[in-house]
Amino acid sequence: MLQLEDVTVRFGGHTTALEGVSLRVADGEIVCVLGPSGSGKSTLLRVVAGLQDADAGRVLLAGRDLAGVPAHKRGVGLMFQDHQLFPQRDVAGNVAFGLRMHGSGRAETEGRVAELLRLVGLPDAGHRAVAALSGGEQQRVALARALAPRPRLLMLDEPLGQLDRGLRERLVVELRALFHRLGTTALAVTHDHGEAFALADRVVIMREGRIAQAGGPLEVWQRPADAFVARFLGFDNLVPATVRGERAETAWGTVPVPAGTPQGERLLLVRPHGVRLRPAGEGLECTVEARTFRGGDGSTVTVLLRPRQGPALEAACTLREAPGEGSGAWVDFDPREVVALPPQDVPAAG
Amino acid sequence: MPGRRGTWARLGLMAGPVVFFAVFFGYPVAAIVGRGLHEDGRWQWGRFGEVLGDPDILRVLWFTVWQAAASTALTLAVALPGAWVFARLDFPGKRLLRAVVTVPFVLPTVVAGSAFLALAGRGGVLDEWFGVRLDTSVWAILLAHVFFNYAVVVRTVGGFWAQLDPRQEEAARMLGAGRLAAWRRVTLPALAPSLGAAALIVYLFTFTSFGVIQVLGGPRYATLEVEIYRQTEALLQLPTAAVLTLVQFAAVAVLLAVHARSVRRRESALRLVPAEQTAHRPAGAGQWTVLAGVLTVVALLLVAPLAVLVQRAFQGPDGWSLAWFRALGRESASGTFAVPPVEAIGNSLSYAAAATGIALLIGVSAAAALTLPGSRRGTGRAARAGRLVRGFDALLMLPLGTSAVTVGFGFLIALDEPPLDLRSSWILVPLAQALVGVPFVIRTMVPVLRSVDVRLREAAAVLGASPLRAWREVDLPLVRRAVLVSAGFAFAVSLGEFGATVFIARPDAPTLPVAVARMLGRAGEAHYGQAMALSTILMLVCAGVLLALERVRTPGQGEF
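Just so you know, these numbers come straight off a predicted model, no measurement behind them. (Residues numbered from 1 in each chain as written. Chains lettered and ligands numbered in written order. Predicted model: local features only at pLDDT ≥ 70, side-chain atom pairs only at ≥ 80, totals over all residues. Heavy atoms only, no water.)

Undergrad: Help me understand the interface of chain A and chain B, please; the structure alone is not making it clear to me.
TA: Buried accessible area, meaning the area lost when the parts come together, often serves as the stated size of an interface. Counting residues at the interface gives 32 residues for chain A and 25 residues for chain B. Buried area between chain A and chain B, summed over both chains or domains, comes out near 2600 Å², and the portion from carbon and sulfur atoms is 61%. Where chain A packs against chain B, one counts 4 salt bridges. Viewed at the interface, chain B and chain A are joined by 5 residue pairs in polar contact (both at pLDDT 80 or more). Of all the secondary structure elements, the ones that give two or more residues to the side of chain A that touches chain B are helix 1 (41-49), strand 6 (76-79), helix 2 (91-101) and helix 4 (135-147) of chain A. With 5 residues, the top contributor of residues to the side of chain A that touches chain B is helix 2 of chain A. (Contact = heavy atoms within 4.5 Å. Buried area = accessible area lost by both parts, 1.4 Å probe. Salt bridge = Lys/Arg side-chain N within 4 Å of Asp/Glu carboxyl O. Polar contact = N/O pair within 3.5 Å; in protein donor to acceptor, adjacent residues only side chain to side chain. Helix = DSSP H or I, 4+ residues; strand = E, 2+ residues; numbered from the N terminus.)

Here it is, written out as structure tokens:
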């Protein structure tokens, strides 16, 4: 459906927002672009929407080059970050806007508006003022408005960014189910990896205008491509290592690695769940610097450990087994939660 | 849309206003200058030195400059509390009060001058009661200028103020700013563009003040405008008038350049909220005091002169009567008019309606051209576009600062022969009035258009709206109120326009202000009484228009 080929965007001639980005979105696929703010993900959407000209590269929609096609003729939908509902129109007026622009008749428009408002769960809100809507309702109206003209591709810029957590978690599930039911091809951007993993069929992680990694959510989660992706996903247990067979020599001592791990100089990632607390005297000796209660079903506690040698370690454990702050702790490593990353750009511990 | 298409759209929108100004402003002014300075087949540049070396002319120049500055400062000081009251307070009769405040602005200057004379001049109300006379000092002129321009500040600043989000100020308070500091650091900077616009308009109006000075200035005080009129009409010194016109032009150009510079530094996209959400009932002694103070000022400065005017209209030769009004329906025995004076009402209304249409067409497309996306910042092509836009902006403001007398006189001598012979055309008067009205439309529209969120337009574009359609669907509804306000301004200015119209209105089709002026120009109680009666009618028409305008304001949310 959508294809980007080496798209580059520079602002003011020097700052580069996108650098040679290539990306494909298949028909009916939900792709989520994930990255910290300033990584160029919103610019990517604006280029596809035709609100920003690319300095180089091509954007193709259903095989057609979009160069020179103005935004209003591209047939793509965009849900803006803060919705951008038209304040002077009521809910129905907002949803009907795109239909009117495409010249559909009054009866057809009314029918479609009603259909969409039912779809997003606001069947009776047609005459309400948008200023009177809650954040979640505004988000639904924005979605209905974007879907109404049946765009070939729907793009969402931080679709759930301003909503509170509970609502966000519920809506992301609803969105995914809805898109799959309607067969919508969707390209979303977000800085929240939880949102991206829950929503997307495929995740694209961006860093400073380039694609750092692309793949299925599980794949990206399990095998981050590099230290940047790992850290962005919240993994901070990184240490340079030398892998020999199924063992790696690190500042933390010898760490077991899964079979088939690439050999030689690597950067080793140990997920917090792979740092196991041991009885006193067994394994790596650490001091507990901080513990953070995360709640959730497992009553998870994150413990920040300062090992006798090597960078700090984060361990996840249950509340019951969590050691107190300032006390000593001994840990070893679960090879199933250990990933070897390429050795380049070893980041400073932090 | 970025890029070339945007440039073409801008040029297209600019074309109408540019042609309009070239033909109906540039050409007449050039004709005056040509006639004044071009003689015996060559340019007489030496006249500049002769005219500007004259100590009398220098005195006129100095007076013009300082009285305009004093009037502007006084108007801002007196009217800012009023702007706050209109923006933030809600009280019964607010709508009526708003119209009352605006009436003076649209009154013919000569009539307002007379009203002040009747109030504070010899034999005036203040003289009768307290023995106080202001007509011998410059204070009468300054107060009359405040009387006229109070509405400019209240409407441009207050209208914008009403749409500023009060929570901005609250946020500053929460960050530790005192009440005054919050206002000074948050609200005042946000108001700056509209304050600047209002101050500029007031300064230009008072700089080119004509009618007020004619009536209240006596032989002692004269502005450039009065001097230009005197030189052309009384002394038939066309060359001197041409030099003075050029001097006035230069002064106005400098003012506009200064304004353009300051605007560039101040521009910012503000978050506007619906005006009706920001006003509240007065609370606390402080707010009631301000409200009472504003009402007192309005009563003394704006209502009292008008009350005197009405009183004179109804005071017949033998006490209270409608004698002067009845006399308006009859053809004048003394031959002041070829038609009954009452016909001036119909003339004025239809001229003003046509002028408003023209002013809106020209002004709105100009404002749209000025605020198209990409008209600010940037490098290369964008910077060139920015300079183009600023030049265009200044061009549009020129008629505001140029004397109406010049415009009228220019029309008279330039548009009476081929290629453009409009001498006998009905449209001549509306064209001149529209020229005066366009800057109002632009000044009112631009700040509001600029503050429309670009992303709303983008949202419309992504939903399939072409740039033009997006403007119509997104900008226009948001700025409908500004359109109505500017239409009202243009209409009112056209109704009250005097300096230009007096030159070109046909004797058998006078407008209200022209009729009033002719009445005042004749001796005798009957003429004075009829002038007051006509002025009262004009005042009522203006008040009616403004009340209607208040009523059709954007009803707010939920509008489809």
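So much for the structure itself; the text now carries on.
Undergrad: Would you mind showing me how to read the pairing of strand 17 (residues 300-307) of chain A here?
TA: The side chains of a regular strand alternate between both faces of the sheet. Residue and element names in this part refer to chain A. As judged from the 8 bridges shared by strand 16 (residues 284-295) and strand 17, these two strands associate in the antiparallel manner. Paired with Val288 across the two strands is Leu305, which belongs to strand 17. The pairing of strand 17 with strand 18 (residues 313-318) spans 6 bridges and is classified as antiparallel. Directly across from Thr300, in strand 18, lies its bridge partner Thr318. Counted between consecutive antiparallel strands, the loop separating strand 17 from strand 18 contains 5 residues, among which Gly310 sits at a positive phi close to 90 degrees. (Pairing = 2+ DSSP bridges.)

Undergrad: Looking at this structure, how should I read the confidence of the model for chain B?
TA: As a general rule, the predicted coordinates of low-pLDDT regions are not to be interpreted in detail. Residue and element names in this part refer to chain B. Summarising the model, chain B shows a mean pLDDT of 78, and 85% of its residues fall at 70 or more. Here helix 16 (residues 381-401) stands out as the element of chain B with the lowest mean pLDDT, 66, in contrast to helix 3 (residues 55-88), whose mean of 92 is the highest. Low pLDDT, under 50, characterises residues 375-380; the predicted model gives this stretch 9 contacts beyond four residues in sequence or across chains. Here residues 554-560 scores under 50 on pLDDT; set against residues more than four positions off or in separate chains, the count is 17 contacts. Of the two predicted TM-score estimates for the complex, the pTM is 0.66 and the ipTM is 0.77. (pLDDT = per-residue confidence, 0-100.)

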